[in-house]
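Architecture and fold: a report
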Amino acid sequence: MRVGVPREIKTNEHRVGLTPTAVREYVAHGHEVRIETGAGLGAGFTDAEYQKAGAAIVADAETVFADSDMIVKVKEPQAVEWARLRPDHILFTYLHLAPDPEQTKGLLASKCAAIAYETVTDRNGGLPLLAPMSEVAGRIAVFSAAETLLKHNGGMGLLFCGVPGVAPARVLVLGGGVVGLNAARMAMGLGAEVVVLERSIPRMREIDELTGGRVITRYSSIGAIEEELVKADVVIGAVLVPGAEAPTLVRRDQLKSMKPGSVLIDVAIDQGGCFETSKPTTHEDPTYVVDGVVHYCVANMPGAAPRTSSEALNNATLPFGLALADQGLAALKQDPHLARGLNVLKGEITYPAVAEALGLPWSDPFDVWARG
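To keep things clear, this report deals only with the structure shown in the data block. Bear in mind the structure is a predicted one, so any value in this text is a computation, not a measurement. (Residues numbered from 1 in each chain as written. Predicted model: local features only at pLDDT ≥ 70, side-chain atom pairs only at ≥ 80, totals over all residues. Heavy atoms only, no water.)

Quick notes on the overall build of the chain
Operational definition: To qualify as a helix, a DSSP run of H or I must reach at least 4 residues; to qualify as a strand, a run of E must reach at least 2; elements of each kind are numbered from the N terminus. Only protein chains enter the accessibility calculation, which uses a 1.4 Å probe. A residue is then buried if its area is under 20% of the maximum for its type, exposed if over 50%, and partly exposed in between. Contact definition: two residues touch when any of their heavy atoms are within 4.5 Å. Using a 1.4 Å probe, the Shrake-Rupley method yields the accessible areas, and only the shown protein chains count as cover for residues. Neither His nor the chain ends is counted toward charge; the positive residues are Lys and Arg and the negative residues Asp and Glu. Lys charges are placed at NZ, Arg charges at CZ, Asp charges at CG and Glu charges at CD.
A tally of regular secondary structure across the chain gives 14 helices and 15 strands. Considering the chain as a whole, with its 372 residues, one finds that 54% of them fall into the buried category. Sequence separation of at least 24 residues holds for 62% of the intrachain contacts in the chain that already meet a minimum separation of 6. For the chain, the exposed surface amounts to about 15,200 Å²; the carbon and sulfur share of it is 53%. If you average the places of the 34 positive and of the 44 negative side-chain charges in the chain, the two averages end up 2 Å apart.

And the structure:
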């Protein structure tokens, strides 16, 4: 199969769909790999490294799309990229379609097979292709919170870790999944007081064991959120409903109960955000203030560490990508977990949560396939 990797064009996105190490594996499987010139530079990978791994370097993204059967990316395709997709293309990338009707329309119009990293599952019910970026995002969220709390960045002027005789920041983490656990452990390690709100009692037990009881866990409820918002210096939104829009956990009218200069970090912004006042921001202009509360809602937090993020992502995606390259869409019939990643096929939505979020019809992917 001909596999193409265009340069990411979303603002401040420096990750790359395939690293040279991954390219070498594709080539070893007999596939041709085309890399847009400069696609890996943001993550520290040169064209020469890709050539050494066996890839062909092409001049522009248009050529990558035109000469490839499968397109491997990191972020969701932008409007100019929708127009380059064809019905015979397999697109393998993060999509986050539930809060993005325009992208969904673009992919439906292209009639390509769009497979989303974030909805591929594993035998334990986890999301193996989302997990590495969730780990990175959870950790970066804490660094970003600590920086944003400083006065010159609009925060209240609080040192995250405190000093002897002065209390550290109190961090509230909404959700105890991969993002939440990584955020909690990082914040704890930096000396903050940490509270995690979670609805799974087994998960709370696990967090308690992993952190030696140093992280406070509470069952997540409307009342618990209200109580903790008043005390929090930082709130990290880390909730996830696979493939669907994130639930709104903090309303605008609740901001008035928070400390002036406190910080909201919305890691769920790719799925629409879990704060009513959230809107996507960029690394160039990451924050804004609503009712005295600083909001940090960067939609590609792992993009700030593109080398680490690209390598971690490729470690996870490589087996699935190779299966698609080796077998085409037949790989979906062989692996039901990979099949869960299929969001769009032949102009129809094939992931129920996306269809529900957008108010559009859902089709069983194998029925779509059978219709030819």
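Now, onward.
What about the packing of helix 6 (residues 131-148) against helix 10 (residues 306-327)?
As a reminder of what qualifies: With axes taken as lines fitted to C-alpha atoms, and helix axes fitted only over the stretch in contact, angles between N-to-C directions fall between 0 and 180 degrees. Reported orientations rely on four angle classes, namely roughly parallel under 35 degrees, roughly antiparallel over 145, roughly perpendicular from 65 to 115, and oblique for the rest. Just so you know the grouping, Ala, Val, Leu, Ile, Met, Phe, Trp, Tyr, Cys and Pro go in nonpolar, Asp, Glu, Lys and Arg go in charged, and all remaining residues, Gly too, go in polar.
Running from N to C, helix 6 and helix 10 cross one another at 155°; their axes reach a closest spacing of 8 Å. As far as their axial angle goes, helix 10 and helix 6 are roughly antiparallel. Between helix 6 and helix 10, the contacting residues are Pro 132, Met 133 and Val 136 on the first element and Ser 309, Ala 312, Leu 313 and Ala 316 on the second. Looking at the contact of helix 6 with helix 10 residue by residue, the classes come out as 6 nonpolar, 1 polar and no charged.

A word on the pattern of salt bridges
The condition is simple: The term salt bridge refers to a side-chain nitrogen of Lys or Arg lying within 4 Å of a carboxyl oxygen of Asp or Glu.
Inspection of the entire model under this criterion finds 21 salt bridges. We note a salt bridge from Glu 227 to Arg 218, for which the minimum N-O separation is 3.0 Å. We classify Glu 227 as partly exposed; its relative accessible area is 44%. For Arg 218, a relative accessible area of 24% corresponds to the partly exposed category. A salt bridge links Glu 228 to Lys 231; its shortest N-O distance comes to 3.7 Å.

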